[in-house]
Amino acid sequence: MDLILKDIISLSCKALQEEDQYLQESLSNNSCYSCDQAGILKINNERYYQFIIARYLFRCFARRIQVEYDLIDLVVFREDVPSEIEVVVEMKRWMSSTGSPEIPKIRSDFDKLRKCSPAKGLALIMSSNPKGVSIKDNIQYLSDELDRNLDSDLWVYESFDTIGINGEENVFWVAGYNPAY
């Protein structure tokens, strides 16, 4: 996978981890939430995650980006030719208990990204699972369900530990795949 795509995955995970820490601290300082230790999983909303990532990229990514550009969640413009798009990113939250409801939209995003030449495409998936459950197994399951001849070994992912709504220890992860493979 190209370095720029790996950077986007890594920065996206860092952005969400910072937000997780912010939320955990905010909730712990508010007596209304004394029994609630959840962080990022308290707000299980795809758009929220997308804007947290975009805000972080605005701050620390040395490229011009735009959110919701021509029906694409996020685009990254070339460094040498700032008017040309280098990367198109489609982001999806994959958080339902079975994972099934999100599959059709993720498939559609993969198809959309494959048509975005010559820009590099990145499907960015945000998910979580209880600590002790294998992220790699979940990615294999996702790859199989997407039925797009995906090699599950080509996913790149990063993760961080967090607390779920019920106080359970969770791992939040961000995985990226370049559909051109």
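A quick note: this is a predicted structure, and the numbers were derived from the prediction, not measured. (Residues numbered from 1 in each chain as written. Predicted model: local features only at pLDDT ≥ 70, side-chain atom pairs only at ≥ 80, totals over all residues. Heavy atoms only, no water.)

Novice: Would you mind showing me how to read the packing of aromatic side chains here?
Specialist: Aromatic rings considered in pairs are described by the distance between their centres and by the relative angle of their planes. A complete count under the given rule lists 9 aromatic pairs for this structure. Pairing Trp 155 with Tyr 177 gives two aromatic rings, centres 5.0 Å apart and planes at 55°, and the pair type is tilted. One end of the pair, Trp 155, is in the loop between α4 (135–146) and β5 (156–163); the other, Tyr 177, is in strand β6 (residues 169–177), with 22 residues separating them in the sequence. You'll find Trp 155 and Tyr 177 in the same group, each marked buried. Three or more aromatic residues joined by ring pairs form one cluster here, namely Tyr 48, Tyr 49, Phe 160 and Phe 172. When the ring centre of Phe 77 is taken as origin, the NZ or CZ atom of Arg 64, which lies over that ring, is 3.8 Å away. (Phe/Tyr/Trp six-rings, centres within 6.5 Å; stacked < 30°, edge-to-face > 60°. Helix = DSSP H or I, 4+ residues; strand = E, 2+ residues; numbered from the N terminus. Buried < 20%, exposed > 50% of the residue type's maximum accessible area, 1.4 Å probe, protein only. Lys NZ or Arg CZ within 6 Å of the ring centre and 35° of its normal.)

Novice: Would you mind going over helix α2 (residues 46–60) with me for this structure?
Specialist: Side chains that are three or four residues apart share a direction in an α-helix, a result of its 3.6 residues per turn. With 15 residues, α2 should cover 21 Å at 1.5 Å per step; its first-to-last C-alpha distance of 21 Å lies within 8% of that length. Regarding α2, the residues found buried are Tyr 48, Tyr 49, Gln 50, Ile 52, Ile 53, Ala 54, Tyr 56 and Leu 57. Turning to α2, the residues buried within the fold contact α1 (3–28), β1 (65–69), β2 (72–77), β3 (85–94), β4 (120–130) and β6. Backbone nitrogen of Arg 47 and a side-chain oxygen of the N-cap are separated by 2.9 Å at the start of α2; the cap is Asn 45. (Expected span 1.5 Å × (residues − 1). Contact = heavy atoms within 4.5 Å. Polar contact = N/O pair within 3.5 Å; in protein donor to acceptor, adjacent residues only side chain to side chain.)

Novice: I keep staring at the sheet that holds β5 and nothing clicks. Help me out?
Specialist: In a beta sheet, neighbouring strands are held together by backbone hydrogen bonds and run either parallel or antiparallel to one another. An order of β1-β2-β3-β4-β6-β5 is seen for the 6 strands of this open sheet, with the pairing classed as mixed. Edge positions in the open sheet fall to β1 and β5, since each of these has one partner strand only. When strand polarity is set aside, the average angle formed by the axes of neighbouring strands in this sheet is 25°. Strand direction decides the pairing type here: β4 and β6, joined by 8 bridges, are antiparallel. Bridge pairing in β6 links Ala 123 to Tyr 177. Here α1 sits on the sheet in contact with β2, β3, β4, β5 and β6, set at roughly 5° to β5. (Pairing = 2+ DSSP bridges. Axes fitted to C-alpha atoms, helices over the stretch in contact; angles between N-to-C directions.)

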